[in-house]
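The lines below spell out each chain.
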Amino acid sequence: MHGRIRTWGPGALVLLPTVLLLGYFVYGLIAWSFNTSLTDRHTARKGPADYVGFENYVNLFGEERFLNSLKNLGVLTVAFIVGTLIFGVLWALLLEKGVPGESIFRSVFLFPMAISMIASGVVWAWLLNPSQGEDARGLNRLFETLHLGFLENPWWTAGNRWTTMASIALPAVWQLSGYIMALFLAGFRGIPGELREAARVDGASEFKLYRHVLFPQLSPIALSALIILGHMSLKLFDLIYAITGPNQFRTEVPAVYMWNTLLRSDQAKAAAIAIVMLAVVAVLVIPYVAYTVRQEAEE
């Protein structure tokens, strides 16, 4: 018994602070939020609250504003994931071929990641100014100066949901494409050169080399990128808040709606929104974790 304690005891002591902190600040607060979402605590009043079960969730999914925020989130997620993957993979392909000054291009592509979302949102709020014509600002002013007035558009104030949320996704695509580039570039560099040579000896064209040899090797990285981008899109708050403000119905997503609800001291409803967001994230993350564990077990 004492021998076992001497074996795993020091390691357990090292991990104990982390376990305690995670247990309280992560899982403990998740449990507290779920408990609050089952109550009628809709004001800032003190004292005990009565339990109403899942009534807050039922009311939430029967509310047009919340359903609209979910639709906005769906469009934002699709535009963000597709745009980021396209630019990230494209840049990785260009750098993978070995261009002069590769380190400079890598730094340029990765630099947006060093900027906070709120700072990026402030800049993009000016760039995506919806004013047009003589009052144009930002990108619309640039188009006007270059005599490309046909490219001017109202950006996030457009009536179409896809145009509106794609405009909001544009700054996030700019900021995260470098991260996806780094993932795929590392994947390309990790593929043994013998596979490339064998494919070329067999007469494979450059297109077939990437299509049938290289890209299949990157499927785990593609899955990881998809999961990472998916859960990041669910948490986009500061970028939207900085660009459009907190009270724009056309660009509101669950994270912004939760913030507005919390400002009204409706703790139960805000907690219910938070738990719904957590459930959506879990739907994305849990299959990825299961897949990773299975792959490691097979290896």
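Criteria and cut-off values
Residues numbered from 1 in each chain as written. Predicted model: local features only at pLDDT ≥ 70, side-chain atom pairs only at ≥ 80, totals over all residues. Heavy atoms only, no water. Helix = DSSP H or I, 4+ residues; strand = E, 2+ residues; numbered from the N terminus. Buried < 20%, exposed > 50% of the residue type's maximum accessible area, 1.4 Å probe, protein only. Lys, Arg positive; Asp, Glu negative; His and termini not counted. Salt bridge = Lys/Arg side-chain N within 4 Å of Asp/Glu carboxyl O. Contact = heavy atoms within 4.5 Å. UniProt positions renumbered as here; feature names shortened; annotations may be inferred. Expected span 1.5 Å × (residues − 1).

**Here we look at the side chain of Arg41**
By the secondary structure assignment, Arg41 is in the loop between helix H1 (2-37) and helix H2 (55-61). We note that Arg41 is buried and unpaired, the nearest opposite charge coming from Asp40 at a distance of 6.8 Å. Excluding its chain neighbours within four sequence positions, the residues that come into contact with Arg41 are Gly47, Pro48, Ala49, Asp266, Gln267 and Ala268.

**Section: unusual backbone geometry**
The backbone of His147 sits at a positive phi, close to 60 degrees, despite the residue not being glycine. Take His147: it is sitting in the loop between helix H6 (138-145) and helix H7 (161-189). Unusually for a residue other than glycine, Ser265 sits at a positive phi of about 65 degrees. Summarising the element assignment, Ser265 is placed in the loop between helix H12 (254-263) and helix H13 (267-298).

**With respect to the pattern of salt bridges**
This structure, assessed with the given rule, holds 5 salt bridges. A salt bridge links Glu63 to Lys269, with the shortest nitrogen-to-oxygen separation between them at 2.8 Å. Pair noted here: Glu63 is in the loop between H2 and helix H3 (64-96) and Lys269 is in helix H13, with a separation of 206 residues, a long-range link. Exposure remark for Lys269: the relative accessible area of 15% places this residue in the buried category. One salt bridge in this structure joins Glu197 and Arg200, with 4.0 Å as the shortest N-O distance.

**Side note on the UniProt feature "domain: ABC transmembrane type-1" (unreviewed entry) in the protein chain**
This chain's UniProt record puts "domain: ABC transmembrane type-1" (unreviewed entry) on residues 70-290. Helix makes up 73% of residues 70-290 and strand 0%. Its end C-alpha atoms lie 26 Å apart.

**Details of the UniProt feature "transmembrane region" (unreviewed entry) in the protein chain**
Under the local residue numbering, the UniProt record ascribes the feature "transmembrane region" (unreviewed entry) to residues 12-34, 73-95, 107-127, 165-188, 209-229 and 270-291. Structurally, residues 107-127 comprises 71% helix and 0% strand, and the distance from its first C-alpha atom to its last is 23 Å. Overall, residues 209-229 shows 95% helix and 0% strand. The separation of its end C-alpha atoms is 27 Å.

**Re H3**
The terminal C-alpha atoms of H3 lie 47 Å apart, and with 33 residues this matches the ideal 48 Å at 1.5 Å per residue to within 8%. Remark: Gly98 follows H3 within two positions and exhibits a positive phi of approximately 85 degrees.

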